[in-house]
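Residues per chain, in single letters:
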Amino acid sequence: VREATEIVKRDYPDIKDFVDGPIQFDAAVDPEVAAVKYKGNLGPVAGQANVCVFPDLNAGNNAYKAVQQASGCVAIGPVMQGLKMPVNDLSRGCTVEDIVQTVVVTCVQAIAAKGATPPGSPRQSEQQHLLRGVD
């Protein structure tokens with residue numbers, strides 16, 4: 001994580017003020033915890049992070065499943081990005097609902113990759129309107 005943080009700051013200087021790490025999850029997302037742990041010397045995202053990078057797949061999976069189970073929330077993923085084609089992964093313990101949700105995300109990624117818009121989206125209606133030549 002430390003090396004990834006350095007690479008991002010070096011290669012993308014326009015966002016370096018929005019990147020920090022390594023930082024413990026609780027201090028990354030909770031301003032009160034960050035204030036206690038950093039004692040007034042807060043980093044650029046301490047307490048307000050909205051993206052967390054884990055050091056490896058195992059750590060990410062553990063955090064993802066812990067949050068899902070403890071919160072009772074719906075968690076969709078893992079969602080992979082940056083590949084030539086949309087590909088996502090499912091856990092061995094996934095449910096039918098998990099499969100359906102992942103298929104929907106993968107379809108949206110495929111549509112986006114082709115530059116199209118999903119059926120029923122406001123943008124699709126706008127495109128159809130323009131194609132018909134109606135003002």
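Quick note: structure is the one above.
A. Representation of the overall build of the chain within the structure. Summing up its helical and strand segments, the chain has 6 helices and 0 strands in all. Seen in sequence order, the chain has helices and strands lined up from the N terminus as α-α-α-α-α-α. Burial status across the chain gives 15% buried among its 135 residues. Of the contacts formed within the chain by residues at least 6 apart in sequence, a portion of 22% connects residues at least 24 apart. Here the chain displays about 10,400 Å² of accessible surface, and carbon together with sulfur accounts for 58% of that area.

B. Geometry of the environment of C52. Along the chain, C52 falls in the loop between α3 (31-38) and α4 (57-71). Owing to a relative accessible area of 34%, C52 belongs among the partly exposed residues under this scheme. Spatially, the C-alpha atom of C52 lies 9.4 Å from that of G21, the residues being 31 residues apart in sequence. Sequence-distant contacts of C52, that is, excluding residues within four places in its chain, are made with F25 and V29.

C. Geometry of unusual backbone geometry. Residue P22 follows G21 across a cis peptide bond; omega there is -5°. When you line up the elements, P22 lands in the loop between α1 (2-11) and α2 (25-29).

D. View of the pattern of salt bridges. Inspection of the entire model under this criterion finds 2 salt bridges. The partner of D11 in a salt bridge is R10, and the shortest N-O contact between them spans 2.8 Å. The class for D11 is partly exposed, based on a relative accessible area of 41%. Between D26 and K37 there is a salt bridge whose closest N-O contact spans 2.9 Å. With D26 in helix α2 and K37 in helix α3, this pair connects stretches of sequence that are 11 residues apart. Judged by relative accessible area, D26 falls into the partly exposed class, the value being 32%.

E. Region of interest: the side chain of T5. Mapped onto the secondary structure, T5 falls in helix α1. With a relative accessible area of 8%, T5 lands in the buried category. Engagement of the side chain of T5 in a polar contact is seen with the backbone oxygen of V1, the distance being 2.8 Å. Apart from the residues lying within four places of it in its own chain, the contact partners of T5 are V19, D20 and G21.

F. Spotlight on a nonpolar patch on the surface. Where nonpolar side chains cluster on the molecular surface, the patch consists of M80, L83, M85 and V87 and spans about 390 Å² of accessible area. Position of M80 relative to the elements: it lies in the loop between α4 and α5 (96-113). Overall, the relative accessible area of 34% leaves M80 in the partly exposed class.

The rules behind the values
- Residues numbered from 1 in each chain as written.
- Predicted model: local features only at pLDDT ≥ 70, side-chain atom pairs only at ≥ 80, totals over all residues.
- Heavy atoms only, no water.
- Helix = DSSP H or I, 4+ residues; strand = E, 2+ residues; numbered from the N terminus.
- Buried < 20%, exposed > 50% of the residue type's maximum accessible area, 1.4 Å probe, protein only.
- Contact = heavy atoms within 4.5 Å.
- Areas by Shrake-Rupley, 256 points an atom, 1.4 Å probe, with all protein chains shown as cover.
- Salt bridge = Lys/Arg side-chain N within 4 Å of Asp/Glu carboxyl O.
- Polar contact = N/O pair within 3.5 Å; in protein donor to acceptor, adjacent residues only side chain to side chain.
- Patch = residues over 30% accessible without salt bridge, like charges linked within 9 Å, V, L, I, M, F, W, Y side chains within 5 Å.

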